[in-house]
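# Report on the structure
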Amino acid sequence: MNNFLFENKTKVYFGKGGVKEYLGCLLEHYGDTVMLAYGGGSIKHNGVYDEIVGILNAEGKRIVEFPGIMPNPTYAKVQEGAKLARENHVDLILAVGGGSVSDCCKVVSAQAKVDEDLWELENTKRTRPTAFIPLGTIVTVFGTGSEMNNGAVITHEEKKIKGALWGAQADFAFLDPTYTLSVPMKQVISGAFDTLSHAMETYFGKPDENNEAVMRSVIRNIRVLLTDKDNYEARSELTWASAMAENGILKIGKVTDFQCHMIEHQLGAYTNCNHGAGLAVIHPVLYRHLLPANTARFARFAQNVWGIDPAGKSELKLAQAGVEALAAFIKEIGMPTTFAELGVPADTDLKAVADSTVLTGGCCKKLSREELLDILNECK
């Protein structure tokens, strides 16, 4: 491992009934005005909204609603939220939903405190914000682990870029697996695959047993939910695996490889496709390209994550079997395996996607623009 410093400021309240038990006490530490942020309104149908509003009212808070945060939050939506927060002198932002709601609110928190354009501040001046509106999260969709870090993925529609911005990190996060029960299974599986993707992209920088355990847990518990969708224990495991995959612990002291995420982000900028589903299509194709440059890591992945018997197999054959096990699992859980299945329009400019994708240093090899385009074409 490389040398590191580690701190995670987010206090996590995990388990059933946590919001009802603890949120009111937490609200005492913040001012009178709370921005309640959420997505398409599903929380109004599953009782979550009524529960939270009831607690806010009981604590005498003035509620400013910020609804309609989309699955791939846009920079325009960020600016809308920042303007609303400024005008109402918001004291706390409460993000209720999945990673998209959390990501949007992280950047709203920062943008509301600075006069200049945050995208330009971070991407042109290379400066990060230092002042934020306090943020808390209530997770209803697991997968991204967004509740325990300060990174956000935002789509700048005018620039045709889906990329990272850095904002506030939540003071507190509620992870109640029962809140995920009303989420459509397609979205649950997509989010869980995103967790697996985060773990894989960290793992291939330097394989380790902690990461292997998280991946095996995700794989096992996705399979449980496919036969028993209300299984609380499986949802609990997937909820915590999501947090573990992106709270920094698995990345400590490592070089990571998030090239699949970079490719999918730009595909999303051009097509607004589902994030987890896009990753599912790209991962096996990408790994077939990366595998020859580091067969040992992929062979370990095959044996320790997928349980493939190495007997009678060369290192290369074992490595290839691991990638094909991943591809078979994606098909098994009903995720798309091609862009056509994903619903990506046939006329999408894949060269533009390849040309605008952020190239990472990579743990196995650094891809060229030409190879990125080959990968995208192979995903069709």
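Right above here is the structure, for reference.
Values in this document were obtained by computation on a predicted structure and should not be read as measured data. (Residues numbered from 1 in each chain as written. Predicted model: local features only at pLDDT ≥ 70, side-chain atom pairs only at ≥ 80, totals over all residues. Heavy atoms only, no water.)

## A look at the environment of F174
In plain terms, the rule: Here a strand is any run of E in DSSP of at least two residues, a helix any run of H or I of at least four, and the numbering for each starts at the N terminus. We call two residues in contact whenever any of their non-hydrogen atoms come within 4.5 Å of each other.
Looking at the element boundaries, F174 is found in strand 8 (residues 172–175). C-alpha of F174 to C-alpha of F6: the two residues are 168 residues apart in sequence and 22 Å apart in space. F174 has contacts with Y13, G18, V19, Y22, L23, L26, T137, I138 and V139, leaving out every residue within four places of it along the chain.

## Some thoughts on the layout of surface pockets
The condition is simple: Each cavity reported here is a set of points on a 1 Å grid over the protein atoms alone in which a 1.4 Å probe fits but cannot get out, each pocket an open set with protein on both sides within 12 Å along at least five of seven lines, and each lining residue one with an atom within 4 Å of a point. Grid points are joined across faces, edges and corners, and a volume is the space filled by probe spheres set on the points. Polar here means any residue other than Ala, Val, Leu, Ile, Met, Phe, Trp, Tyr, Cys and Pro, which are nonpolar, and Asp, Glu, Lys and Arg, which are charged; Gly is therefore polar.
What the second largest pocket holds in volume is close to 210 Å³. Around the second largest pocket, the lining residues are W119, E122, N123, R126, T127, R128, I161, G163, A164, L165 and W166. Where the lining of the second largest pocket is concerned, the elements lending two or more residues are helix 5 (118–123) and strand 7 (161–166). Considered class by class, the residues forming the lining of the second largest pocket number 5 nonpolar, 3 polar and 3 charged.

## What to know about the packing of helix 6 (residues 185–203) against helix 7 (residues 209–227)
Here is the rule: Axis definition: a line fit to C-alpha positions, over the contact stretch in the case of helices; interaxial angles, taken between N-to-C directions, run 0 to 180 degrees. Any angle between 65 and 115 degrees counts as roughly perpendicular, while under 35 counts as roughly parallel, over 145 as roughly antiparallel, and the rest as oblique. In this scheme the crossing of two helices becomes right-handed for a clockwise turn of the near helix relative to the far one and left-handed for an anticlockwise turn of less than a right angle.
At a minimum axis distance of 9 Å, the contact between helix 6 and helix 7 shows a crossing angle of 165°. As the angle between them shows, helix 6 and helix 7 are arranged roughly antiparallel. Seen along the crossing, helix 6 lies across helix 7 with a hand that is left-handed. Across the interface between the two elements, M185, V188, I189, A192, F193, T195, L196, A199, M200, T202 and Y203 from helix 6 touch N211, E212, V214, M215, V218, I219, I222, L225 and L226 from helix 7. When grouped by side-chain class, the residues that make up the contact of helix 6 with helix 7 number 16 nonpolar, 3 polar and 1 charged.

## Focus: the pattern of salt bridges
Here is the rule: Within this document, salt bridges are pairs made up of a side-chain nitrogen of Lys or Arg and a carboxyl oxygen of Asp or Glu, the two lying within 4 Å of each other. Think of it in three bands: with a 1.4 Å probe and only protein chains considered, a residue is buried below 20% of the maximum accessible area for its type, exposed above 50%, and partly exposed in between.
Summed over all chains, the structure comprises 15 salt bridges. For E212, the salt bridge identified is with R300, shortest N-O distance 2.5 Å. Here E212, found in helix 7, pairs with R300, found in helix 11 (residues 295–304); they are 88 residues apart in sequence, far enough to count as distant. Accessibility expressed as a relative area gives 3% for E212, which makes it buried. The partly exposed category is assigned to R300, whose relative accessible area is 29%. For D230, the salt bridge identified is with K229, shortest N-O distance 3.3 Å. Looking at K229, the relative accessible area reads 45%, which means it is partly exposed.

## A look at the nonpolar core
For the record, the criterion: We call a set of buried residues a nonpolar core when its members are Ala, Val, Leu, Ile, Met, Phe, Trp, Tyr or Cys and they connect through side-chain atoms within 4.5 Å of each other.
Counting residues in hydrophobic clusters, the biggest one holds 66 residues, and the most contacted among them are F193 and F339. Sort the elements by how many residues they give to this core and helix 10 (residues 275–290) lands first, with 9 residues. Residues within four places of F339 in sequence aside, it is in contact with L267, V281, I282, V344, L350, L376, C379 and K380. One finds A37, A85, C104 and I133 within the second-largest nonpolar core, a separate group that totals 29 residues.

## A look at empty space enclosed by the protein
In the structure shown here, the tally under the stated rule is 2 cavities of 30 Å³ or more. As a volume, the largest cavity reaches approximately 70 Å³. Taken together, 18 residues form the lining of the largest cavity, with G97, G98, G99, S102 and V139 sitting closest to its centre. At the level of elements, strand 4 (92–97), helix 4 (99–111) and strand 5 (135–139) are the ones that each hand at least two residues to the lining of the largest cavity.

## Some thoughts on the pairing of strand 2 (residues 33–37)
Residues in a regular strand project their side chains so that they alternate between the two faces of the sheet. Spelled out, the test is: Two strands pair if DSSP finds at least two bridges between them. Handedness of a crossover is defined as follows: with both strands directed away from the viewer, a clockwise route from the first strand across the helix to the second makes it right-handed.
Where burial is concerned, most of strand 2 is hidden: 5 out of the 5 residues are buried. Of the strand pairs in this sheet, strand 2 and strand 3 (residues 62–66) are connected by 5 bridges, and their pairing is parallel. Among the inter-strand pairings, V34 is bridged to a residue of strand 3, identified as I63. Since strand 2 and strand 3 lie parallel, the crossover through helix 2 (residues 48–58) that links them has a hand, and here it is right-handed. For strand 2 and strand 4, the ladder comprises 4 bridges, and the chain directions are parallel. Bridging across to strand 4, L36 finds its partner in L94.

## Quick notes on the packing of aromatic side chains
What counts here: Stacked, tilted and edge-to-face are the three classes applied to pairs of Phe, Tyr and Trp rings, where Trp contributes its six-membered ring and a pair requires centres within 6.5 Å; stacked means planes under 30 degrees apart, edge-to-face means over 60, and tilted covers the rest.
Taken as a whole and judged by the stated rule, the model has 15 aromatic pairs. Here the aromatic rings of F14 and W240 are separated by 6.1 Å at their centres, their planes lie at 85°, and the arrangement is edge-to-face. In this pair, F14 is assigned in strand 1 (residues 11–14) and W240 in helix 8 (residues 232–246), connecting sequence segments 226 residues apart. For F14, a relative accessible area of 39% corresponds to the partly exposed category.

## A word on the packing of helix 7 against helix 8
The geometry of helix 7 relative to helix 8 is characterised by a closest axis approach of 9 Å and an angle of 145° between their N-to-C directions. Of the two elements, helix 7 crosses helix 8, and the hand of that crossing is left-handed. Taken together, the residues of helix 8 that come into contact with helix 7 (itself represented by V214, S217, V218, N221, I222, V224 and L225) are A234, R235, E237, L238 and A241.

All we've got here are geometric facts, nothing functional implied.
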